[in-house]
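Listed here are the chains, written in short residue letters.
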Amino acid sequence: MFCDRTPDGLIVRTPAKLNLFLEVLGKRPDGYHDLATLMVAVSLFDTLEFKEDASQDITLTLASPDNLRLSVGPDNLVWRAADLLRRRTNHCGGATIRLHKRIPLAAGLAGGSSDAAGTLVGLNRLWRLGLADAELAELGAELGSDVAFFLHGNAAWCTGRGEIVTPLRPGRELWFVLVCPPVGLSTAAVFKALEPPALPHDGTPLREAVERGDVNAIGQRLFNRLQPVAERLCPEVAELSRDLSQVGAAGCLMSGSGSTLFLLCRNNAEAHEAAEVLTRTAREKVSRVHVVRSCF
Ligand code: C5P
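Reading guide: rules and limits
- Residues numbered from 1 in each chain as written.
- Predicted model: local features only at pLDDT ≥ 70, side-chain atom pairs only at ≥ 80, totals over all residues.
- Heavy atoms only, no water.
- Helix = DSSP H or I, 4+ residues; strand = E, 2+ residues; numbered from the N terminus.
- Buried < 20%, exposed > 50% of the residue type's maximum accessible area, 1.4 Å probe, protein only.
- Polar contact = N/O pair within 3.5 Å; in protein donor to acceptor, adjacent residues only side chain to side chain.
- Contact = heavy atoms within 4.5 Å.
- Pairing = 2+ DSSP bridges.
- Right-handed = clockwise from strand over helix to strand, strands pointing away.
- Near = heavy atom within 4 Å.
- Areas by Shrake-Rupley, 256 points an atom, 1.4 Å probe, with all protein chains shown as cover.
- Axes fitted to C-alpha atoms, helices over the stretch in contact; angles between N-to-C directions.
- Core = buried A, V, L, I, M, F, W, Y, C linked by side-chain atoms within 4.5 Å.
- Phe/Tyr/Trp six-rings, centres within 6.5 Å; stacked < 30°, edge-to-face > 60°.

A. Molecular detail of the side chain of Asp46. Structurally, Asp46 can be placed in strand β3 (residues 33-53). Looking at Asp46, the relative accessible area reads 0%, which means it is buried. Within the structure, Asp46 has its side chain in polar contact with the backbone nitrogen of Ile103 (distance 2.8 Å). Ignoring any residue separated from it by four or fewer positions in sequence, one finds Asp46 in contact with Val12, Arg13, Thr14, Leu99, His100, Lys101, Arg102, Ile103, Gly111 and Asp115.

Structural data, given as structure tokens:
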């Protein structure tokens, strides 16, 4: 996440994330699932602009290239993050927030969670609240399982619901092609259709490959327990996954609960070449293709 002052406020750029490993360890009494997942932030960003507002209201507006139908009221995680921060600190000032949305919705890229994290960081500064990172992370966990990740850094091993974050130091920059089918998937629906495994997969070899920066080893060890479930619920994901496995990249996986698939590439040139081929050959199966790199 990148945060800069503007003449009359702040601007925060909030990244998407990819899961390079995601195992479900079991269902919890609270209805959530315990996870072990390795997440990296990547260079596809939403932007949030914050300005103080004398009216004491929180006013959210949306700018998006696709005319997205996204609420700007209490259903939006940005609005909820601002409201939660204000209630917990008894702050009575307002803010106008403009969200430039580029990260696709219901895509497994955690755009909403990243926006929520950016809102906590941005308003903590704008309103001079002085909350520590750990306090912001606690608020973040109330808003969504992935929010804490974005407050802690750009690559991490995450457990619990996803909110217990151990930062990692990857051995090198990674290049990806994001491939978004025209249909999204609901995280809750994917988890509901999942049968947790009797014998969970161990993510240690993948984690070590990321720390070594060994792209081919990472590619061979990419794993997502939710992918077969998403492919059952959404045949478009299954079909696209078959197509992507033919491209010859270092690896291919679905991110989070889908529906985005990604190719792990050996370098920038390979990523651009793969994106060009996909844009040409799979146009009717794909709504967006983005070349991104890890933000370490
Ligand atoms: O935490 P978040 O709001 O992102 O989760 C959305 C939904 O995904 C939850 O309501 C739950 O159904 C499911 N989920 C889960 N276990 C997790 C994270 C999410 O079951 N660790």
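B. Spatial organisation of the pairing of strand β5 (residues 94-100). For β3 and β5, the ladder comprises seven bridges, and the chain directions are antiparallel. Residue pairing for β5: Glu49 is matched across the bridge by Arg98. Pairing of strand β4 (residues 58-63) with β5, which is carried by six bridges, proceeds in the parallel orientation. Looking across to β5, one finds that Ala63 is bridged to His100. Considered for its hand, the β-α-β crossover made up of β4, helix α1 (residues 77-89) and β5 is left-handed.

C. Structural detail: the site of the ligand. All residues adjacent to the ligand are Gly31, Tyr32, His33, Leu35, Gly144, Ser145, Arg161, Thr187, Ala188 and Phe191. For the ligand, an oxygen atom lies 2.8 Å from a polar atom in the side chain of His33. Between Ser145 and the ligand, the recorded distance is 2.5 Å, taken from a side-chain N or O atom to an oxygen atom. Notes on the ligand: free accessible area 450 Å², of which the protein chains cover 74%.

D. Expanded view of the sheet that holds strand β11 (residues 261-265). Judged by pairing direction, the sheet is antiparallel, and its four strands sit side by side in the order β10-β11-β8-β12 without closing on themselves. Bordering the open sheet on either side are β10 (251-254) and β12 (288-293), each of which pairs with just one other strand. The average undirected angle you get between the axes of adjacent strands in this sheet is 20 degrees. Bridge count for strand β8 (residues 175-180) against β11 is five bridges, and the pairing is antiparallel. Across the sheet, the residue bridging to Val177 is Leu263, located in β11. This element, helix α9 (residues 235-245), spans β8, β10 and β11 of the sheet and lies at about 15 degrees to β11. Relative to β8, helix α10 (residues 268-281) is tilted by about 20 degrees, and along the sheet it contacts β8, β11 and β12.

E. Examining the nonpolar core more closely. Ranked by internal contacts, the top residues of the largest apolar core, which has 41 residues, are Phe50, Leu85, Ile97, Leu120, Leu123, Leu143 and Leu151. Aside from chain neighbours lying at most four places away, what touches Leu85 is Leu120, Leu123, Asn124, Trp127, Leu129, Leu131, Leu136 and Leu139.

F. Up close: the packing of aromatic side chains. Applying the stated rule across the entire model yields five aromatic pairs. Geometrically, the ring pair formed by Phe21 and Trp157 is stacked, given 5.7 Å between the ring centres and 25 degrees between the ring planes. With Phe21 in strand β2 (residues 9-27) and Trp157 in strand β6 (residues 155-160), the pair connects residues that are 136 residues apart, well separated along the chain. Judged by centre distance (5.6 Å) and plane angle (35 degrees), the rings of Phe21 and Phe223 are tilted. Placement of the pair is Phe21 in strand β2 and Phe223 in strand β9 (residues 223-224), with a sequence separation of 202 residues. An identical accessibility class is assigned to Phe21 and Phe223; each is buried.

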